Amino acid sequence: MATATLTLLRSSVVKKAIMGLTGLGLSGFVLAHMTGNLLIFKGAQAYNTYGHQLTHNPAYPLIAIGLLALMGIHFVCGITLTWENKRARTQGYAVDAADQKAASLASRTMAGTGSILAVFIVLHLITFKYGTLYTITHDGVEMRDLHRLVIEVFQSPVYVAWYCFSLALLGFHLKHGFAAAFQSIGFGHPKWSAHIKCLAVVYALIVALGFISQPLYVYLVHR
Amino acid sequence: MNLTLKVWRQKSDKDKGRFVEYKLNDVSPDVSFLEMLDVLNQDIIHQGHDPIAFDHDCREGICGSCSMVINGSAHGPDKATTTCQLHMRRFKDGEVIHVEPFRAKAFPIHKDLMVDRSAFDRIQQAGGYVSVNTGNAPDANAIPVSKEYSDMAFDAAACIGCGACVASCKNASAMLFVSAKVSHLSLLPQGAPEKHERVLKMVAQMDKEGFGNCTVTGACEAACPKEITLENIARMNREFLGGFAVKRK
Ligand code: HEM
Ligand code: FES
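Now for a look at the structure at hand. Keep in mind that what you see is a predicted model, and the values were worked out from it rather than measured.

Brief notes about the coordination of the iron atom of ligand 1
Residue and element names in this part refer to chain A.
Here's step 1: Within the first shell, the iron atom of ligand 1 binds the protein through H74 (NE2) and H173 (NE2), at distances of 2.0 to 2.1 Å.
Here's step 2: Around the iron atom of ligand 1 sit six donor atoms, and with donor-metal-donor angles ranging over 87 to 179 degrees the site reads as octahedral. Of this pair, H74 sits in helix α4 (residues 60-88) while H173 sits in helix α8 (residues 157-184); the two residues are 99 residues apart in sequence, bridging distant segments of the chain. Each member of the pair, H74 as well as H173, carries the same accessibility label: buried.

Have a look at this one:
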């Protein structure tokens, strides 16, 4: 019985459901993260206070570990799926399918965009989470001055370009991923699928543009 | 019309295989793709060579034998069309056409364009049936089924098991095929009682055969000559996850 259950757990359908569920969890996170970032437009105090409150919430360590787990599972599962998929066709075709029978670019490059995102996430944590620790006092509370670090980092056109590129890729990953996740967990229906696809495009655009607005704003306005 | 054909020739599953070029003159635009190959094969035979091996049977789009990938697309460029129903007028005069076998690790190549699709049979044998005790056939009118569900089951049952979904999927996934078989039976009252057991067994066999995993690219749906939809894969996922949750042993 145990082995049968284990085989089932390793089945393609379960792996896909895990991919979809972790992907949706991460999708919720990036939307919240992006919205929080928009506080940069309000100024240093709002930005820093938000960060301070977030990291000093008693649930913060739990959420951080949860996110790390989501990311780890999504990553390992994605790499496993991609590896298995490569092995399922050892010899490719000489010609690519023409227009109406071709798959979308976003759907064909999920492993590629995902891997670049993994590199981006690690570098991003090093730059900001573990970056220079400036402090500032707002309303008598001493807190981390992330605003200053952000302004500093995005003076570099290289950083701005890398962020714009990676976040555009995130949008691309989500354009396919957000819609595919519903299908993977069994939620696909002629009445809803077209709307979900449309929602995925809107959602991906909002997330990508919202994120990209921050480095661009800093680079262009905070000189 | 004049055409250049680049056909995959491979002696056996051991052979490495390669493209061989054939120049064709005066091909009638009204013949089907398979008839064009028949004419070419006659020429090849007259020259004393081995004709191009390819699978075919009904030649009317219902048996699913005619597996080949034409210019990168399973069953060629047209939607909802099998190779046997594809006509040469669909191509341009002077066109170069690449003809390859369905490529997937789970579909080993027998010879040239012929592949071994018995993996599909084994998936069917694993659970793609309804267990019926012997006795008198029940009165069809006494089995309640809604028009909507019988239509959905019928759409799924249109699958001819040709394998174009596997051939066109970048992951060589068989999920469209398996989901069509699962849906066809589970949507009907006769098949519903065994739906969880069935889907668990069929997916297990599918994975064992070495097919890839679906990444929802939709290439299978676009290539399917019978227009089986991704909705079936979502249903299969639902029934599998449900079956997994309620399974007792
Ligand atoms: C750590 C780096 C990442 C890697 C290596 C990665 C890799 C992948 C791969 C290979 C897939 C395709 C799997 C499939 O469709 O079967 C996928 C799907 C997906 N990814 Fe990612 N990804 C990463 C980060 C992210 C992030 C940050 C998010 C969200 C903000 C995300 C959201 C999704 C979603 C929603 C799906 C769709 C799942 C499905 O197809 O059911 N991914 N990812
Ligand atoms: S030969 Fe039967 S479907 Fe083409």
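Having put the structure on the table, let's press on.
Considerations on helix α7 (residues 146-153) of chain A
Here's step 1: Those residues of α7(A) that sit buried are A:H147, A:L149, A:V150, A:I151 and A:V153.
Here's step 2: The elements touched by buried residues of α7(A) are α3 (44-55), α6 (110-129), β2 (141-144), α8 and α9 (193-221) of chain A.

As for empty space enclosed by the protein
Residues and elements named next belong to chain B.
Here's step 1: Tallied over the entire structure, the rule returns two cavities of 30 Å³ or more.
Here's step 2: Here the largest cavity defines a volume of roughly 100 Å³.
Here's step 3: Of all the secondary structure elements, the ones that give two or more residues to the lining of the largest cavity are α4 (164-168) and α5 (175-186).
Here's step 4: Grouping the constituent residues of the lining of the largest cavity by class yields ten nonpolar, two polar and one charged.
Here's step 5: Put simply, the second largest cavity is a space of about 80 Å³.

Quick word on the pattern of salt bridges
All names here are of chain B.
Here's step 1: Counting across every chain of the model gives 16 salt bridges over all chains.
Here's step 2: Across the pair D78 and R90 runs a salt bridge whose closest N-O atoms are separated by 2.4 Å. With D78 in the loop between β4 (73-74) and β5 (96-100) and R90 in the loop between β4 and β5, this pair connects stretches of sequence that are twelve residues apart.
Here's step 3: By relative accessible area, R90 is classed as partly exposed at 38%.
Here's step 4: Between K201 and E197 there is a salt bridge, with the nearest N and O atoms lying 3.4 Å from each other. Taken together, the residues K201 and E197, both in helix α6 (residues 195-208) and four residues apart, mark about one turn of the helix.
Here's step 5: We classify K201 as partly exposed; its relative accessible area is 36%.
Here's step 6: By relative accessible area, E197 is classed as partly exposed at 47%.

What about the packing of helix α2 (residues 12-37) of chain A against helix α8 (residues 231-246) of chain B?
Here's step 1: Two elements in contact, α2(A) and α8(B), have axes separated by 10 Å at closest approach and are oriented at 100 degrees. With respect to each other, α2(A) and α8(B) are oriented roughly perpendicular. Between α2(A) and α8(B), the contacting residues are A:V13, A:V14 and A:A17 on the first element and B:M236, B:N237, B:F240 and B:L241 on the second.
Here's step 2: When its residues are assigned to classes, the contact of α2(A) with α8(B) shows six nonpolar, one polar and no charged.

Quick word on the site of ligand 1
Here's step 1: Lining the immediate environment of ligand 1, one finds 26 residues, of which A:K16, A:H74, A:G114, A:H173 and A:S184 sit closest.
Here's step 2: Those residues lying near ligand 1 are distributed over chains A and B.
Here's step 3: Here an oxygen atom of ligand 1 sits 2.8 Å away from a polar atom, N or O, in the side chain of A:K16.
Here's step 4: Residue A:H74 places a side-chain N or O atom 2.8 Å away from a nitrogen atom belonging to ligand 1.
Here's step 5: When residues of the shell around ligand 1 are traced back to their parent elements, those giving at least two are α2, α4, α6 and α8 of chain A.
Here's step 6: Per-class residue counts for the shell around ligand 1 are 13 nonpolar, twelve polar and one charged.

Each value, and the rule that gives it
- Residues numbered from 1 in each chain as written.
- Chains lettered and ligands numbered in written order.
- Predicted model: local features only at pLDDT ≥ 70, side-chain atom pairs only at ≥ 80, totals over all residues.
- Heavy atoms only, no water.
- Donors = N, O, S within 2.8 Å, 3.2 Å for Na, K, Ca; no water.
- Tetrahedral: all angles 85-135°; square planar, octahedral: opposite > 155°, others 65-115°.
- Helix = DSSP H or I, 4+ residues; strand = E, 2+ residues; numbered from the N terminus.
- Buried < 20%, exposed > 50% of the residue type's maximum accessible area, 1.4 Å probe, protein only.
- Contact = heavy atoms within 4.5 Å.
- 1 Å grid on protein atoms, 1.4 Å probe; cavity = no way out; pocket = protein on both sides within 12 Å on 5 of 7 lines; lining within 4 Å.
- Points joined across faces, edges and corners; volume = space filled by probe spheres on them.
- Nonpolar A, V, L, I, M, F, W, Y, C, P; charged D, E, K, R; others polar.
- Salt bridge = Lys/Arg side-chain N within 4 Å of Asp/Glu carboxyl O.
- Axes fitted to C-alpha atoms, helices over the stretch in contact; angles between N-to-C directions.
- Parallel < 35°, antiparallel > 145°, perpendicular 65-115°, else oblique.
- Near = heavy atom within 4 Å.
- Polar contact = N/O pair within 3.5 Å; in protein donor to acceptor, adjacent residues only side chain to side chain.

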